[in-house]
Amino acid sequence: MKTLTRKSFLKILGTGASITALCALPTIAASAADNDLVELEPTSFISEMNAWYQANGIPFALDQIDCDQSQLKISDVEKLISDLQNIQITHHTELSEQIITPREIMRINFSRTATDELTVWFQDGVIGTVCIEITITGIADDLRSTILEASGSACERSSVNLSSIDIAPVSVSKNSPSTGDVSYSTSCSAYFEWVVPQTNVKLRSHASKPISGSVSY
């Protein structure tokens, strides 16, 4: 039976005399015919390895050793120590689900107008015409130049020789044709009348047209 001296252990460990002494050194538990086997005493082995980690500024420590065999070859012990010395510490960043908070909205009220005309000709120099004014109102998010709410209305703005008019409700589409725009559509049907001065004959004419377009807030 032989004793594995501290010098021999430190030679394997490769750290020199600065390592703390083992509490109880491993001993060779093999017979003379099989003297390359050693039995590791876990507490001593853990203590020596942790002292080596500390001396080399490695933020790692052993807290337990489990072996299937009670005896190991010295070459296996050398391999075990080498592997433990080459442990690398890596830092992992755990990815967490990004929490998206409700975005701020800078609400502003807006109102825009557009015009369109419907015209008929009675004779040279005499017309019947009506100017339609379309008003678009709504709320926009000024931070993102996007339309939040919108509505539209239409009315007669001015006319010549107009007898009657019918304007359909205005329909709108937000952020169309582009973000920050409001597209609108309606239709107009009107009757125009004019009396010919020379004959006192009343002329009556009818016309209609779809009206559409867009405004930007």
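Heads up: the structure comes first, above all this text.
In what follows, the accompanying structure is described. (Residues numbered from 1 in each chain as written. Predicted model: local features only at pLDDT ≥ 70, side-chain atom pairs only at ≥ 80, totals over all residues. Heavy atoms only, no water.)

**A closer look at the overall build of the protein**
Let me state the cut-off plainly: Secondary structure counts use DSSP, requiring at least four H or I residues in a row for a helix and at least two E residues in a row for a strand, with both numbered from the N terminus. Each residue is placed in one exposure class: buried if its accessible area under a 1.4 Å probe, protein chains only, is under 20% of its type's maximum, exposed if it is over 50%, and partly exposed if it falls in between. Two residues form a contact once any of their heavy atoms are found within 4.5 Å. Working definition of accessibility: Shrake-Rupley area with a 1.4 Å probe, residue cover restricted to the visible protein chains.
Counting its secondary structure elements, the protein contains 3 helices and 9 strands. For the protein, buried positions account for 29% of its 217 residues. Long-range pairs, those at least 24 residues apart, make up 57% of the contacts in the protein with a sequence separation of at least 6. Split by element, the accessible area of the protein, about 13900 Å² in all, is 48% carbon and sulfur.

**Let's talk about the packing of aromatic side chains**
As a reminder, the rule being used: Within 6.5 Å between ring centres, the rings of Phe, Tyr and Trp (the latter by its six-membered ring) count as paired, and their orientation is classed by plane angle as stacked under 30 degrees, edge-to-face over 60, tilted in between.
Considering all chains together, one arrives at 3 aromatic pairs under this definition. Here W52 and Y53 contribute two aromatic rings whose centre-to-centre distance is 5.7 Å and whose plane-to-plane angle is 70°, an arrangement assigned as edge-to-face. Neither residue differs from the other here; W52 and Y53 are each classed as buried. Their ring planes at 35° and their centres at 6.1 Å tell us that F122 and W194 sit as a pair that is tilted. Of the two residues, F122 sits in strand 3 (residues 107-123) while W194 sits in strand 8 (residues 181-196), which places them 72 residues apart along the sequence.

**A look at the side chain of T135**
Summarising the element assignment, T135 is placed in strand 4 (residues 126-141). Here T135 falls in the buried class, since its relative accessible area comes to 19%. With sequence-adjacent residues up to four places away left out, T135 is seen in contact with S111, R112, T113, S151, G152 and S153.

**Some remarks on the side chain of T186**
Using the following cut-off: Within 3.5 Å is the distance limit for a polar contact, defined as a pair of N or O atoms, with the added protein rule that one can donate a hydrogen and the other accept it, and that residues adjacent in sequence qualify only through two side-chain atoms.
For T186, the location among the structural elements is in strand 8. Its relative accessible area of 8% is what places T186 among the buried residues. Looking at T186, its side chain comes within polar contact range of the main-chain oxygen of A168, at 2.6 Å. Filtering out sequence-adjacent residues up to four positions away, T186 remains in contact with I167, A168, P169, V170, P210 and I211.

**Focus on helix 2 (residues 42-55)**
For clarity, the cut-off: Here a helix's expected span is defined as the number of its residues, less one, multiplied by 1.5 Å.
Compared with an ideal rise of 1.5 Å per residue, which puts 14 residues at 20 Å, helix 2 spans 20 Å between its outermost C-alpha atoms and is within 8% of the ideal. Within the sequence span of helix 2, burial applies to S44, F45, I46, E48, M49, A51, W52 and Y53. Positive backbone phi, approximately 65°, marks G57, located one or two places after helix 2.

**Some points on the nonpolar core**
The test is simple: Put simply, a nonpolar core is a bunch of buried Ala, Val, Leu, Ile, Met, Phe, Trp, Tyr and Cys residues held in one set by side-chain atoms that sit within 4.5 Å of each other.
F110, I134, I136 and Y184 are the most contacted members of the largest nonpolar core, which has 24 residues in total. Of all the secondary structure elements, the ones that give two or more residues to this core are strand 3, strand 4, strand 8 and strand 9 (201-216). In terms of residue count, the dominant contributor to this core is strand 8 (7 residues). Residues contacting I136, with those up to four places away along its chain left out, are F110, S111, R112, S151, G152, V170, V172, V182, Y184 and V215. One finds I58, L62, L72 and L84 within the second-largest nonpolar core, a separate group that totals 13 residues.

**With respect to the packing of helix 2 against helix 3 (residues 74-85)**
Where we set the bar: Every axis corresponds to a line fitted to the C-alpha atoms, with the helix fit spanning only the stretch in contact, and the corresponding angles, defined between N-to-C directions, vary from 0 to 180 degrees. Here a crossing is taken to be left-handed if its near helix is turned anticlockwise relative to the far helix by less than a right angle, and right-handed if that turn runs clockwise. All residues other than Ala, Val, Leu, Ile, Met, Phe, Trp, Tyr, Cys, Pro, Asp, Glu, Lys and Arg, Gly among them, are scored as polar; the first ten of these are nonpolar and the last four charged.
Across the interface, helix 2 lies against helix 3 with an axial gap of 11 Å and an inter-helix angle of 35°. Helix 2 and helix 3 meet at a crossing whose hand is right-handed. On helix 3, the residues that touch F45, M49, W52 and Y53 of helix 2 are L80, I81, L84 and Q85. Of the residues that constitute the contact of helix 2 with helix 3, the class distribution is 7 nonpolar, 1 polar and no charged.

**Considerations on the pattern of salt bridges**
Proximity of charged atoms lets side chains of opposite charge pair with each other. Filter applied, for reference: Only one rule defines a salt bridge in this text: a Lys or Arg side-chain nitrogen within 4 Å of an Asp or Glu carboxyl oxygen.
What the rule picks out here adds up to 7 salt bridges. The partner of R157 in a salt bridge is E133, with the nearest N and O atoms 3.7 Å apart. Here R157 is found in strand 5 (residues 146-160), whereas its partner E133 is found in strand 4, with 24 residues between them in sequence. The exposed category is assigned to R157, whose relative accessible area is 53%. Between E193 and K202 there is a salt bridge, with the nearest N and O atoms lying 3.8 Å from each other. With a relative accessible area of 55%, K202 lands in the exposed category. Salt bridges here are not isolated pairs; linked through shared partners, they connect E193, K202 and R204.

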